[in-house]
Amino acid sequence: MSKQKEYQENLIKTVINNSESDNWKDAVKEWDIVDVEEDLDCAGQCTCGKEGLRYLFTIKNRINNNIIYPIGSSCISKFGVDKLKNEAKLKEDLFKLLHAVENNEYITISSDLFSRKLLEYLYNIGAFVPNYYNDFEPKNDYKFLLDMFNKRKRSEQQEKKSSAIIINSIIPFLRDLLDNRI
């Protein structure tokens, strides 16, 4: 039996054994991502048996509260549940952005570090703060950055405002995340 087939069978068996449903199609719908850790050494091993994981996800069954840990993003993709796959991708993208902050990189609103979904996620988790410049409405900054993300050319004024929002809202928020991650 090939390694891939063995991994897939291990995944299916683990998920079904920890689900209320006794078939794959229904069992995969019972799970939510509840946490993710990053292993910079890529020494993690998925519940399916695959080694070399960088992102170690924890998923929880919303019906019986069973937990599967660690599980890799490629196994989460095999669930075929868009919500889970998109959330796993967002979490990985957030780690990339966190590393850019950690490394004191100059961060601009570009597709290298941002996506529309990541901007929305940052808004939803409170990365944009109310202040005088956004009329005390964080959504104004979110919408502005989203507009700038969608533009090919930005004026110097728009670049400055984008940088100000990133420097004054997103970076401090991410630094707090990093400080609390230890």
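This is a predicted model, so every value here is computed, not measured.

Draft legend 1. Broad picture of the overall build of the protein. The helix and strand inventory of the protein stands at 7 helices and 5 strands. Along the protein, from the amino end to the carboxyl end, the secondary structure elements read α-α-β-β-β-β-β-α-α-α-α-α. When the backbone C-alpha atoms are referred to their principal axes, the protein occupies close to 60 × 30 × 30 Å. Counting over 182 residues, the protein shows a buried share of 43%.

Draft legend 2. View of the nonpolar core. In this structure, I71, F114 and L122 are the most contacted members of the largest nonpolar core, which totals 52 residues. Ranked by residues supplied to this core, first place goes to helix α4 (residues 82–102) with 9 residues. Beyond its immediate stretch of four places on either side in the chain, F114 contacts L97, I107, T108, I109, L119, L122, F149, I166 and I170.

Draft legend 3. Spotlight on the packing of aromatic side chains. Tallying each qualifying case throughout the model produces 6 aromatic pairs. An aromatic cluster of three or more residues is present, and its members are Y123, F128 and Y142. One residue, K161, lies across the ring of F144, its end atom 4.3 Å from the ring centre.

Draft legend 4. Structural detail: a nonpolar patch on the surface. Judged by side-chain polarity, Y132, Y133 and F136 come together as a nonpolar surface patch covering roughly 480 Å² of accessible area. Structurally, Y132 is set in the loop between α5 (116–124) and α6 (138–150). Judged by its relative accessible area of 63%, Y132 falls in the exposed class.

Draft legend 5. Molecular detail of the side chain of T58. Looking at where T58 falls in the secondary structure, it is placed in strand β4 (residues 55–61). The exposure class of T58 is buried, given its relative accessible area of 11%. Apart from residues lying up to four places away in sequence, T58 is in contact with D32, I33, V34, D35, I67, I68 and Y69.

Draft legend 6. Spatial organisation of the pattern of salt bridges. If you walk through the whole model with that rule in mind, you get 8 salt bridges. Note that K5 and E9 form a salt bridge whose closest N and O atoms lie 4.0 Å from each other. With K5 and E9 both in helix α1 (residues 3–17), this residue pair falls 4 residues apart, about one helical turn. Its salt-bridge partner being K96, residue D93 comes within 3.8 Å of it at the nearest N-O pair. With D93 and K96 both in helix α4, this residue pair falls 3 residues apart, about one helical turn.

Draft legend 7. Spotlight on the side chain of S163. With respect to the helices and strands, S163 occurs in helix α7 (residues 156–181). Separated by 3.2 Å, the side chains of S163 and Y106 make a polar contact.

Draft legend 8. View of the state of the cysteines. Counted under the stated rule, the structure contains 0 disulfides. Of the cysteine sulfurs around C48, a residue in no disulfide, the closest is that of C75, at 3.6 Å. Taking the relative accessible area as the measure of exposure, C48 reaches 1% and is therefore buried. Lacking any disulfide linkage, C75 is separated from the closest cysteine sulfur, that of C46, by 3.6 Å.

Thresholds, definitions, all that
Residues numbered from 1 in each chain as written. Predicted model: local features only at pLDDT ≥ 70, side-chain atom pairs only at ≥ 80, totals over all residues. Heavy atoms only, no water. Helix = DSSP H or I, 4+ residues; strand = E, 2+ residues; numbered from the N terminus. Buried < 20%, exposed > 50% of the residue type's maximum accessible area, 1.4 Å probe, protein only. Core = buried A, V, L, I, M, F, W, Y, C linked by side-chain atoms within 4.5 Å. Contact = heavy atoms within 4.5 Å. Phe/Tyr/Trp six-rings, centres within 6.5 Å; stacked < 30°, edge-to-face > 60°. Lys NZ or Arg CZ within 6 Å of the ring centre and 35° of its normal. Patch = residues over 30% accessible without salt bridge, like charges linked within 9 Å, V, L, I, M, F, W, Y side chains within 5 Å. Areas by Shrake-Rupley, 256 points an atom, 1.4 Å probe, with all protein chains shown as cover. Salt bridge = Lys/Arg side-chain N within 4 Å of Asp/Glu carboxyl O. Polar contact = N/O pair within 3.5 Å; in protein donor to acceptor, adjacent residues only side chain to side chain. Disulfide = S-S within 2.5 Å.

Keep in mind that these numbers describe shape and distance, not what the molecule does.
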